[in-house]
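Per-entry structural report
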Amino acid sequence: MNRETAVHVPMEVEELETEPITLNIGPQHPSTHGVFRMKVQLQGETIVALEPILGYLHRCQEKLAEGHTYLQSIPYTDRLDYICSMTNNHAYVLAVEKLAGIEVPRRAECIRVIMDELTRLLNHALAVGFLLNDMGAWLTPVQYGLREREKILDLFEMASGSRMMCNYMRFGGVAHDLPEGFMPLLRKVVAEFPGFIDEYERFLTTNEILLSRCKYVGILPPDRAIAYGVTGPVLRASGVPYDVRKVDRYSLYGEIDFDVPIGTVGDVYDRYLVRIYEMRQSVRILEQAIRMLEETPPGDIQSKVPRSLKPPIGEAYGRIESPKGELGFYLVSDGSEKPYRWRVRAPSFVNLTPLEEMCRGHKVADIVLILGSIDITMAEVDR
Amino acid sequence: MTDAEWIALRDRMARALPAGAFEEGPADGVIHVQPRSLLYVGRYLLETEGFDYLSNVTGVDWLAEGEFEVVYHLYAMRRGARIARGEDPGGPLGPLVLKVRVPRERPVVPSVTSLWPSALWQEREVYDLMGIRFEGHPDLRRIYLWDEYEDHPLRKDYAPKED
Amino acid sequence: MTIVVPRHDEFRPFGTGLIKGLLVTMAHFIRSYGKRNLRIPGKEPFPGGRFGLFTVQYPEERAPVPDRYRGLPILLYDDATGAELCTACMSCARACPVGIIHIEQGVDEAGKKIPYAQHFMIEYESCLNCGLCAEACPFGSIVMDHHLETARTDREGFRMTKERLLRPISYYAQIAPTVWAEIREEAEKRLEGTIKRRPAGVGVVRR
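Residues numbered from 1 in each chain as written. Chains lettered and ligands numbered in written order. Predicted model: local features only at pLDDT ≥ 70, side-chain atom pairs only at ≥ 80, totals over all residues. Heavy atoms only, no water.

1. Remarks on the overall build of chain C
As a reminder of what qualifies: Here a helix means four or more residues in a row that DSSP labels H or I, a strand means two or more in a row labelled E, and each is numbered from the N terminus. Burial classification: accessible surface area is computed with a 1.4 Å probe over protein chains only, and a residue below 20% of its type maximum counts as buried, one above 50% as exposed, and the rest as partly exposed. Each accessible area is a Shrake-Rupley result for a 1.4 Å probe, and residues are judged covered by the shown protein chains and nothing else.
Secondary structure summary: chain C contains 6 helices and 7 strands in total. Counting helices and strands in the order they occur from the N terminus, chain C gives β-α-β-α-β-β-α-β-β-α-β-α-α. With 207 residues in all, chain C has 41% of them scored as buried. Only carbon and sulfur atoms are counted for the fraction: they give 56% of the accessible area of chain C, which is about 12,400 Å².

2. So, the sheet that holds strand β2 (residues 30-33) of chain B
Residues and elements named next belong to chain B. Counted only if it meets this: Any two strands are treated as partners once DSSP identifies two or more bridges connecting them. Axis angles are defined between N-to-C directions and span 0 to 180 degrees, where every axis is a line fitted to C-alpha atoms and, for a helix, only to the segment in contact. We call two residues in contact whenever any of their non-hydrogen atoms come within 4.5 Å of each other.
If you walk across this open sheet you meet the 5 strands as β1-β2-β5-β4-β3, and the pairing is mixed. With partners counted over all chains shown, the strands left at the sheet margins are β1 (22-24) and β3 (53-62), one partner each. If you compare each strand with its neighbour and ignore which way they point, the axes differ by 25° on average. Direction of pairing for strand β4 (residues 67-75) relative to strand β5 (residues 96-103): antiparallel, over a ladder of 8 bridges. Each bridged residue has a counterpart across the sheet, and for Phe-68 the counterpart in β5 is Val-102. Lying over the sheet, helix α2 (residues 38-47) contacts β2, β4 and β5, oriented at roughly 170° with respect to β5.

3. Some points on the side chain of Asp78(C)
Tracing the backbone through its elements, the reader meets Asp78(C) in the loop between β2 (73-77) and α2 (91-95). Beyond its immediate stretch of four places on either side in the chain, Asp78(C) contacts Ala83(C), Leu85(C), Ile169(C) and Leu191(C).

4. Quick notes on the environment of Val30(B)
All names here are of chain B. As for its position among the elements, Val-30 is in strand β2. Accessibility expressed as a relative area gives 7% for Val-30, which makes it buried. Between the alpha carbons of Val-30 and Tyr-72 there is a distance of 9.8 Å; along the sequence they are 42 residues apart. The contact partners of Val-30, leaving out residues within four places of it in the chain, are Trp-6, Glu-23, Glu-24, Gly-25, Val-97 and Lys-99.

5. Comments concerning the interface of chain C and chain A
Under the convention used in this document: Defined here as a combined quantity, buried area equals the accessible surface (1.4 Å probe) lost by two parts on assembly, summed across both. Salt bridges, as used here, are contacts in which a Lys or Arg side-chain nitrogen is within 4 Å of a carboxyl oxygen on Asp or Glu. Charged means Asp, Glu, Lys or Arg here, nonpolar means Ala, Val, Leu, Ile, Met, Phe, Trp, Tyr, Cys or Pro, and polar covers whatever is left, Gly included.
On the chain A side, the residues contacting the 40 residues of chain C number 58 residues. When the two sides are added together, the surface that chain C and chain A hide from each other amounts to roughly 4,300 Å², 58% of it contributed by carbon and sulfur. With a shortest N-O distance of 3.1 Å, Asp270(A) and Arg7(C) are connected by a salt bridge. Elements with a minimum of two residues in the side of chain C that touches chain A: β1 (2-4), α1 (16-31), α2 and α3 (132-136) of chain C. Broken down by element, the residue count for the side of chain C that touches chain A peaks at 8 residues, all from α1(C). The residue makeup of the side of chain C that touches chain A, split by class, is 23 nonpolar, 9 polar and 8 charged. The sheet contact formed by strand β6 (residues 260-262) of chain A and β1(C) spans 3 bridges and is parallel. What sits directly across from Val260(A), in β1(C), is Thr2(C).

6. Some remarks on the nonpolar core
Defined as follows: What makes a nonpolar core is a set of buried Ala, Val, Leu, Ile, Met, Phe, Trp, Tyr and Cys residues whose side-chain atoms join them at distances within 4.5 Å.
Membership of the largest hydrophobic core comes to 188 residues, with the highest contact counts inside it found for Met115(A) and Tyr72(B). Per-element accounting of this core gives the leading share, 15 residues, to helix α12 (residues 268-295) of chain A. Here Met115(A) is in contact with Met86(A), Phe156(A), Ala159(A), Tyr168(A), Met169(A), Leu178(A) and Phe182(A), once residues within four sequence places are set aside. Judged by nonpolar contacts, the second largest core, of 38 residues, contains Leu72(C), Cys96(C), Tyr124(C) and Cys133(C).

7. A look at the pairing of strand β8 (residues 325-333) of chain A
Residue and element names in this part refer to chain A. Summarising burial for β8: 9 of the 9 residues are buried, a large majority. The pairing of strand β7 (residues 314-322) with β8 spans 9 bridges and is classified as antiparallel. Bridge assignment links Gly-318 to a residue of β8, and that residue is Phe-329. Summarising the sheet, β8 and strand β9 (residues 341-345) pair through 5 bridges and their orientation is antiparallel. Paired with Phe-329 across the two strands is Val-344, which belongs to β9.

8. Quick word on helix α1 (residues 3-16) of chain B
Residues and elements named next belong to chain B. In plain terms, the rule: A helix is expected to span 1.5 Å for every residue after the first. In this context, the arc is that of the directions from the helix axis out to the C-beta atoms.
Between the first and last C-alpha of α1 there are 20 Å, a value that for 14 residues agrees with the 20 Å anticipated at 1.5 Å per step. Residues of α1 that are buried include every one of Trp-6, Leu-9 and Met-13, and no others. For α1, the arc enclosing every buried residue in end-on projection is 65°, short of the 170-degree limit, so these residues lie on one face. Seen from the buried face of α1, the exposed residues on the opposite side, beyond 90 degrees, are Asp-3, Ala-4, Ala-14 and Arg-15. Looking at the buried residues of α1, the elements they touch are β1, β2, α2 and β5.

9. Considering the confidence of the model for chain A
Interpreting fine coordinate detail is not advised for predicted regions of low pLDDT. All names here are of chain A. Our working definition: For every residue, the predictor reports its confidence as pLDDT, a number between 0 and 100.
Overall, the predicted model of chain A reaches an average pLDDT of 88, with 96% of residues at or above 70. Confidence scores differ between elements of chain A, with helix α1 (residues 3-6) showing the lowest mean pLDDT of 46 and β8 the highest of 93. With pLDDT under 50 throughout, residues 1-6 is counted as low confidence; its partners more than four residues away or in other chains account for 1 contact.

10. A short note on the pattern of salt bridges
Going through the model one piece at a time under the given rule, you end up with 56 salt bridges over all chains. For Arg236(A), the salt bridge goes to Glu321(A), with nearest N and O atoms at 3.0 Å. Of this pair, Arg236(A) sits in helix α10 (residues 233-237) while Glu321(A) sits in strand β7, and the two are 85 residues apart along the sequence. Between Asp154(C) and Arg152(C) there is a salt bridge, with its nearest N and O atoms 3.2 Å apart.

11. Considerations on unusual backbone geometry
Note on backbone geometry: most residues besides glycine have negative phi, and most peptide bonds are trans. Backbone geometry at Tyr216(A) places phi at a positive 60°, although glycine is not the residue there. Mapping Tyr216(A) onto the fold places it in the loop between α8 (208-214) and α9 (222-227).

12. Side note on helix α6 (residues 177-197) of chain C
Residue and element names in this part refer to chain C. Keep this limit in mind: We define the bend at any residue as the angle between the axes fitted to the seven residues before and including it, ending there, and the seven starting there.
For α6, which comprises 21 residues, the first-to-last C-alpha distance of 29 Å matches the rise-based estimate of 30 Å (1.5 Å per residue) to within 8%. Most pronounced at Arg-184, the bend in α6 amounts to some 50°. Of the positions making up α6, those classed as buried are Val-179, Trp-180, Ala-187, Leu-191 and Thr-194. Buried residues along α6 sit in contact with β2, β4 (113-123) and α5 (169-175).

This is the structure:
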C-alpha cells in the first residue's frame, strides 16, 4: 500500500501535530527474553527515548553465595545463564582454581573444552532461532535449532545427569568421566552439524524479509562498543576481534586453531551472521578437541582437592568467553570455607547498557529485534 | 600481564603521575588509589596507557576495617584485538586492578562513567546493593530493587527484616 | 585469523531468498513421509531408538533416561540382609546447598551413638536435583533416582521420611547399572563394618 492511495491529506496541512507517548513494554512479554521492562517514549512510531527497568528476576545470588561453601555454589552458577550452564560452571571453577592454585589434568581440560564448545553451539542455535521468532517467523527456525539442540542436550544428559542444570565441573577437573556411548554420539553430532548450519543459512541468510528488517538496524559503532564494555558476538559484529579465548588462552585454547569472525557495520544482520560463523568455528574446535582427547592417555579427571575447600586469603578474577560475552567471577577469600565476596560479571548485563543508544531513531518493531540480537538471558542480567 | 610488563608500567606511571597519586598493592597488577586522584589516574590509564575496557566494577564491604572498597578491573581491548589478527599486541593486556577505599560512614567515590561508560549500570548496581554513592554519575538510582527500598542487602551488617 | 562476515549486498531478483527457504521446508515436508522417521527395530542409533526430535506416546511409553540422570534422592538397603546403608554421618546434610536433609542419629540403650539414622527426612519440594548429596556419601547410601512423575496435590506429602525413601539395592542396580558398578565395592565393604557396629536388629528393613 503506497502513500498516494492511503489517505488523502489536503495540501495545506504540512505536518500532523503529534504528542510523544510513553509505552510500557511490560515485564510479561513473549519477546523480551525474560522478565524485562522498558519504558519507551515514542513520537509516532519512532523511538525518542528508552529506559530499561531491571530487577524482576533478582535473587541476590551474590549474598546467597556468601552463606554457602565454594562447592555448594556450583549448582547456583548453573542457574545464572540457564541456557549455557556448562560455561557458567567453567568460569566459576576457573576463578576458584586461580584463587586456590589448583592444577587441572589434561583429560579434564579436553572434556571442558568439548563441553564449552557444545554449549556455544547450543546457545547460538537457540539465539538465531529466537531472533527469527522475534521477527515474526513464528517458531519454524526455532524448531530447526531445537532439533540440533536435542542431540547436544542428550549428550549433556549422558555425561552429567541433567539437560540444563548440569553441575558438571568441579575444582580441579570435572565431576564424572564420559560414559560409554558418549564419543560415538559426539562424533555423529559433530559430523552432522555443518550440514545443519548450511541448511540454516540456505533458508535464512538471503531471505528478503530478514535482509530488509535486519540491515542497518541497531548499529553500534566499534568505539562506542569498546567504551560500553560490550563483549562477545555483539562486539565482534561491530568489527573488534576481541575474544577472551585468544587473549587469555585459558584451558587448552592456546593449542587450538580457530578463526574469529567479525562484522563490518555492527547491525543486527552482522550479529546474526557472526553467530552463524562462530558455530562453524566451534565445530572446527570440537574436531580438534576430540582428537586431543583421544591422544591423551586415560587418566584422572579431577585432581585431588579437599572436600571442603579453604582457599588461602586473597582474591582472583577468572573470566572465560561464554557464548554471550565475557563471563567473569571475582572472588575474595578470607581463608574460610565460605567466600567473603562472590561477584559475577555477567555479559548480558553489560551488553544491555547501550540498548537505548542502539534503539534511538528506529521504530517500535525494531526494539525486539535489537534486543534479540544482543542475546540476553534475564537470569544473568538480574542474578 | 607478565612481570616485565608490570614493572615497566609501574615505572612509567611513577614518572608520569605526581607522587602519592597511587600505591602499588601487594600483588602484581594491583594499584591502590585515593578517591580524589581516581579520575586523574584513570584518565592517564585510558588515554596514555590504552586501558580502554573496564570489565568489572565491584564493591567489597570490609566490615572489620570499617571501609568499603571499590575494585575496577581494566583490560586493553584494542591491543587485545590485535592478537586475533595475528599481530603483536605491543603492550600490556591487563588485568590491571584499581582499588579505592572509602570509610563506611561516608562512602562516596567519584564516578568513572566519563572515562569508561561501561560503568554506567555497574556503578548503579554497587550503589543499589552496597550503598556506595558515585559522584558525577548521570543517573544514580537503584537498578535491581525498587526505588522506595531503604537498606543495602550486600552489606555485611544487613539483617533481613521480618515481614 | 579473522573472517569478515559477508554482507550479501549483491543483486538478486526479488523473491529468490524466499523461494529458497520455502524449498527447504518443502523438502522436509516431503521427506517426513519417508522411512527416516519410522522406528525400525534393530536399527536404532541411540539407546531407546531415537535421536534428535521425536515424539513419545506418553503415558503408554516413556523416553528412556541415561544412567547418570539425576532425579530425586533415595536411600538404599541391602537385599539379602535388609540392612540400611545409611550411618547418619551427616555428609549429605552438610553437602546439600539448600539444607533440606534432616538427620537424627540413633542411640543404643546405653545412650552411645550408633551408625543408624533414627530420623531421616528430605524436603522433596525444595530439592535442586544437583546430586551433591550422592557425591558426598562415603557409604553409597544416598543415590539419585530416575523418578520423573513427582507431582502431588498435598504439600505435606513432599516431606519424605525414611520409610518412603528406602529402596533395595537391586532396584538401583537395575536402573543405573554403570553408576552402581562404580560405588558398589566400597559400599559393600563399608556395609559389613556398619552391620558389625550396630546392635542386632537395628537398621534392618522388614519387607
